[in-house]
Amino acid sequence: MAELPFDPAAIPAALLGWYARAGRDLPWRQTRDPYRIWLSEIMLQQTGVAAVTDYYRRFLENFPTVGQLAAAPLETVIDLWAGLGYYARARNLHATARRIVKEHAETFPDQPEELMRLPGIGRSTAGAISALAFDKRAPILDGNVRRILCRLCAWREAPRSARAEQQFWRWAELLTPRRQVHDYTQAIMDLGATVCTPRAPACAACPLDRFCQARKLGLERELPLKQPAKQVPLRVEAALLLCRDDAYLVRRRPADGLLGGLWEFPTRPVPAGKTPQAQAEALLLEQGGAGPLRTLGQISHRYSHFRLELHLFHATLAGSFRIAENLRDWRSQPELKKLALHGAHKKGLKLLGG
Ligand code: SF4
């Protein structure tokens, strides 16, 4: 394991002074309530502050306590999450709220090890909750911290390998101070979000520039290196955008399966030997319709475990058409834009124009 190329104690000292002057005032910073901090941390995974702020307020209006969140149906939580993306977070949020009520008497544990047993809480999120709500000395390693460490230590390897993971956690532990953990944690998050940004780090304004190896070597824009893409299987599907009276037929996926609780247009897999067009025609027949199909186009979307190639077709039904009783969810285009459609179908919606 490599040593830090500077005195670890120097980093919190430099960061805390900067944070007192330049730290951000965010809605979830005015609290030490672990429920609110957890909620903001889950929302901030993979999403920026600007997009999260309204959702954070809306969730607290609807669910002021973890007990109220746990008591809500999953579908309500998913619909409120619509637009924020990465819906596994909404499902985990709901599952964790239920566990906190059932197993922890509505009280969040303060130790990272216990928090990590809850759905959707990895080591870094557990560290953040523990440090921000309880002032425990717990390191974090989110995307911001990983990038800062890559640059501070001029890490010239893939940033997400097992080796990098082990090394960065060690460095993050060494840098986390014994006191003022709460402020330090927010300070390093802020540095990554506002100064040591992915594409254009503002090194001239950085409180850590004198320690930074990437800066010394002129590599601050080169690092972190690009992580090689993970190979995932390809699925091919056909989706039917079936229109009647300016509204489209949608269905909700079962809550307990893949992309559970999210909405989509009627869809069929395209197995070897079949064409997307044939599968779309079968979908139309399945709904009791017939008539010409219009090809809308094809989109590609990457999920965590597979890549989806989605072929989209459009058909219009006459007003007298009687749809199957269990398929009566028709939504207008403005309504579809607000619906929790899963990623590929959200992209596909754009092919409709309007
Ligand atoms: S000097 Fe530049 S690259 Fe180094 S930590 Fe600061 S902002 Fe990031």
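Refer to the structure presented above.
## Topic: the packing of aromatic side chains
For the coordinates displayed, the defined rule picks out 10 aromatic pairs. A centroid spacing of 6.0 Å and a plane angle of 40° characterise the contact between Y35 and W38, whose relative ring orientation is tilted. Pair noted here: Y35 and W38 are both in helix α2 (residues 34–44), with a separation of three residues, about one helical turn. Look at W38 and you get buried, because its relative accessible area is 0%. Members of the aromatic cluster, each reached through a chain of ring pairs, are Y35, W38 and F108. Its guanidinium or amino end placed over the ring of Y55, R58 lies 4.8 Å from that ring's centre, counting from NZ or CZ. The ring of W169 has R123 sitting right over it, with the charged end atom 3.8 Å from the ring centre.

## Notes on the packing of helix α3 (residues 49–62) against helix α5 (residues 74–81)
For any two helices packed against each other, one specifies the inter-axial angle together with the distance between the axes. For the pair α3 and α5, the least separation of the axes is 10 Å and the interaxial angle reads 150°. Taken as axis vectors, α3 and α5 run roughly antiparallel relative to one another. Like other packed secondary-structure pairs, α3 and α5 cross with a definite hand, here right-handed. Across the interface between the two elements, Y55, R58, F59 and N62 of α3 pack against V77, L80 and W81 of α5.

## Re the site of the ligand
Around the ligand, the neighbouring residues are R151, V195, C196, P201, C203, C206, D209, C212, R215 and E220. Its residues placed into classes, the shell around the ligand shows six nonpolar, no polar and four charged.

## A look at the side chain of H314
In this structure, H314 sits in strand β7 (residues 307–316). Separated by 3.2 Å, the side chains of H314 and Y248 make a polar contact. Discounting chain neighbours no more than four positions away, the residues touching H314 are L241, C243, Y248, P292, L293, R294, L296 and L352.

## With respect to the pattern of salt bridges
What the rule picks out here adds up to 15 salt bridges. Its salt-bridge partner being E173, residue R170 comes within 3.4 Å of it at the nearest N-O pair. Placement of the pair is R170 and E173 together in helix α10 (residues 162–175), with a separation of three residues, close to one helical turn. Residue E173 is classed as partly exposed on the basis of its relative accessible area of 29%. In this structure, R215 engages E220 in a salt bridge whose closest nitrogen and oxygen atoms are separated by 4.0 Å. Connected through salt bridges with shared partners, the residues R24, R29 and D190 form a single ionic network.

The rules behind these values
Residues numbered from 1 in each chain as written. Predicted model: local features only at pLDDT ≥ 70, side-chain atom pairs only at ≥ 80, totals over all residues. Heavy atoms only, no water. Phe/Tyr/Trp six-rings, centres within 6.5 Å; stacked < 30°, edge-to-face > 60°. Helix = DSSP H or I, 4+ residues; strand = E, 2+ residues; numbered from the N terminus. Buried < 20%, exposed > 50% of the residue type's maximum accessible area, 1.4 Å probe, protein only. Lys NZ or Arg CZ within 6 Å of the ring centre and 35° of its normal. Axes fitted to C-alpha atoms, helices over the stretch in contact; angles between N-to-C directions. Parallel < 35°, antiparallel > 145°, perpendicular 65-115°, else oblique. Left-handed = near helix turned anticlockwise from the far one by under 90°. Contact = heavy atoms within 4.5 Å. Near = heavy atom within 4 Å. Nonpolar A, V, L, I, M, F, W, Y, C, P; charged D, E, K, R; others polar. Polar contact = N/O pair within 3.5 Å; in protein donor to acceptor, adjacent residues only side chain to side chain. Salt bridge = Lys/Arg side-chain N within 4 Å of Asp/Glu carboxyl O.

Note that all results are geometric; they support no functional claim without further evidence.
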